[in-house]
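Structural overview
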Amino acid sequence: MLTKHKIVFLGDQSVGKTSLITRFMYNTFDTHYSATVGIDFLSKTMYLDGGNSGEDGPRTVRLQLWDTAGQERFRALIPSYIRDSHVAIIVYDVSNRGSFESVRRWCQYVHEERGDDAVLVVVGNKRDLPSTQRCVTSDEGAALCEELGCALFFETSSRSGQGVVPLFKKLALLLTERDDSDGHGNGNGSGNGGACAGGGQAATTIDVGVNEGSAAGEQCSCWGRGRGVAYEKDNYRVESMRE
């Protein structure tokens, strides 16, 4: 069964949205990125083990990734892409306090366009930077996400790959579980999302070992709300495509 989910990436300029997508799509990092102009689109297909019981056979999830520009002059384009998205991933730079403080504003954009129907994910990028350059702690990121009612919180490094694959894998598993529980396993990825909703199920904090794109034994900082966040051992493979 193939399900498709539109994911829009939001966040201030230079937080690493394009780098994060590139690391996930191609497992590469380019130190000479130019600013995104307008909107870019790519998709990636992930093949997961069966559903909650493991008896439903392989699940195929196509993540449609919409990379938005962070500059103010492109801001008017963004609402139309949020409007029919299933997931909004808001990215901030852990070394840039201003980008973290903008998370609330981006969350409000999602809420205005999608209400509580989109899954909200917050990502603190550039976690590979030395602690002397960090302006936002992991605890601050997790606390804000809990306050805003986010589905997932991750810290990642596009440069080293830390946390990138686990982020998208957990998101894919969360979406398939939501499809199952909401009775929408028909490929449209619909259902309630809890973006900026607050309340809901209690949050859990877990550390997951990273095997892809980082040294053995490294950990990724991640936080999940409710169901669909405690998976890491499922086998999967991915295919990339530009559409």
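What comes next concerns the included structure.

What counts as what
- Residues numbered from 1 in each chain as written.
- Predicted model: local features only at pLDDT ≥ 70, side-chain atom pairs only at ≥ 80, totals over all residues.
- Heavy atoms only, no water.
- Helix = DSSP H or I, 4+ residues; strand = E, 2+ residues; numbered from the N terminus.
- Buried < 20%, exposed > 50% of the residue type's maximum accessible area, 1.4 Å probe, protein only.
- Areas by Shrake-Rupley, 256 points an atom, 1.4 Å probe, with all protein chains shown as cover.
- Core = buried A, V, L, I, M, F, W, Y, C linked by side-chain atoms within 4.5 Å.
- Contact = heavy atoms within 4.5 Å.
- Polar contact = N/O pair within 3.5 Å; in protein donor to acceptor, adjacent residues only side chain to side chain.
- Salt bridge = Lys/Arg side-chain N within 4 Å of Asp/Glu carboxyl O.
- Disulfide = S-S within 2.5 Å.
- Axes fitted to C-alpha atoms, helices over the stretch in contact; angles between N-to-C directions.
- Parallel < 35°, antiparallel > 145°, perpendicular 65-115°, else oblique.
- Nonpolar A, V, L, I, M, F, W, Y, C, P; charged D, E, K, R; others polar.
- Phe/Tyr/Trp six-rings, centres within 6.5 Å; stacked < 30°, edge-to-face > 60°.
- Lys NZ or Arg CZ within 6 Å of the ring centre and 35° of its normal.
- Expected span 1.5 Å × (residues − 1).

What follows is about the overall build of the protein. Within the protein, the secondary structure is distributed over 6 helices and 9 strands. Sorting the 243 residues of the protein into buried and exposed places 53% on the buried side. Summed over its atoms, the accessible surface of the protein is roughly 10,400 Å², and 46% of this surface lies on carbon and sulfur atoms.

Once that is clear, we can look at the nonpolar core. Counting residues in each nonpolar core, the largest one holds 30 residues, and the members touching the most others are F9, L63, L65, I89, V121, F168 and L171. Elements that contribute at least two residues to this core include exactly strand 1 (2–10), helix 1 (17–26), strand 2 (39–48), strand 3 (59–68), strand 4 (87–93), strand 5 (119–125), strand 6 (152–155) and helix 6 (164–182). Broken down by element, this core gets its largest block of residues, 8 residues, from helix 6. Once residues within four sequence positions are removed from consideration, L63 is found in contact with H5, I7, F24, L42, S43, K44, M46, F168 and L175.

Let's shift gears to the environment of H86. Relative to the helices and strands, H86 resides in the loop between helix 2 (78–83) and strand 4. Placed 82 residues apart in sequence, H86 and K4 show a C-alpha to C-alpha distance of 9.3 Å. At a separation of 2.8 Å, a polar atom in the side chain of H86 contacts the main-chain amide nitrogen of K6.

Turning our eyes to something else, we now look at the pattern of salt bridges. Inspection of the entire model under this criterion finds 10 salt bridges. A salt bridge links E113 to R83, with the nearest nitrogen and oxygen atoms 2.9 Å apart. Residue E113 is located in helix 4 (residues 103–114), and its partner R83 is located in helix 2; the two are separated by 30 residues in the primary sequence. Between R104 and E147 there is a salt bridge; the shortest N-O distance is 2.8 Å. One end of the pair, R104, is in helix 4; the other, E147, is in helix 5 (residues 138–148), and 43 residues separate them in sequence. A residue is classified by how much of its surface remains accessible, and R104, at 43% relative accessible area, is partly exposed. When salt bridges that share partners are traced, they join R97, E101 and E140 into one network.

As enumerated under the stated definition, the model contains 0 disulfides in all. Free of any disulfide, C145 has its nearest neighbouring cysteine sulfur in C150, separated by 3.9 Å. Residue classification places C145 among the buried positions, given a relative accessible area of 0%. Exposure remark for C150: the relative accessible area of 0% places this residue in the buried category.

Attention now goes to the packing of helix 1 against helix 6. Any two packed helices are characterised by how steeply their axes cross, that is the angle between the axes, and by the distance between the axes. In the contact formed by helix 1 and helix 6, the axes pass within 9 Å of each other and the chain directions differ by 80°. It follows from the interaxial angle that helix 1 and helix 6 lie roughly perpendicular. Listed contacts from helix 6 to L20, R23 and F24 of helix 1 are V164, L167 and F168. In the contact of helix 1 with helix 6, the residues fall into 5 nonpolar, no polar and 1 charged.

In total, this model carries 6 aromatic pairs according to the counting rule given. Seen in terms of ring centroids, F41 and W66 are 4.5 Å apart; in terms of plane orientation they differ by 40°. Their pairing is tilted. Here F41, found in strand 2, pairs with W66, found in strand 3; they are 25 residues apart in sequence, far enough to count as distant. Residues W66 and Y81 carry aromatic rings whose centres are separated by 5.3 Å and whose planes lie at 40° to one another, so their mutual orientation is tilted. Here W66 is found in strand 3, whereas its partner Y81 is found in helix 2, with 15 residues between them in sequence. With relative accessibility at 24%, the residue Y81 sits in the partly exposed group. In this structure, K6 is placed above the aromatic ring of W66, and the distance from its NZ or CZ to the ring centre is 4.8 Å. Residue placement shows K44 over the ring face of F24; its charged tip is 4.3 Å from the ring centre.

Here helix 6 contains 19 residues, and its C-alpha end-to-end distance of 27 Å stays within 8% of the 27 Å for a straight helix at 1.5 Å per residue. Counting buried residues in helix 6 gives 16 out of 19 residues, a clear majority hidden from the surface.

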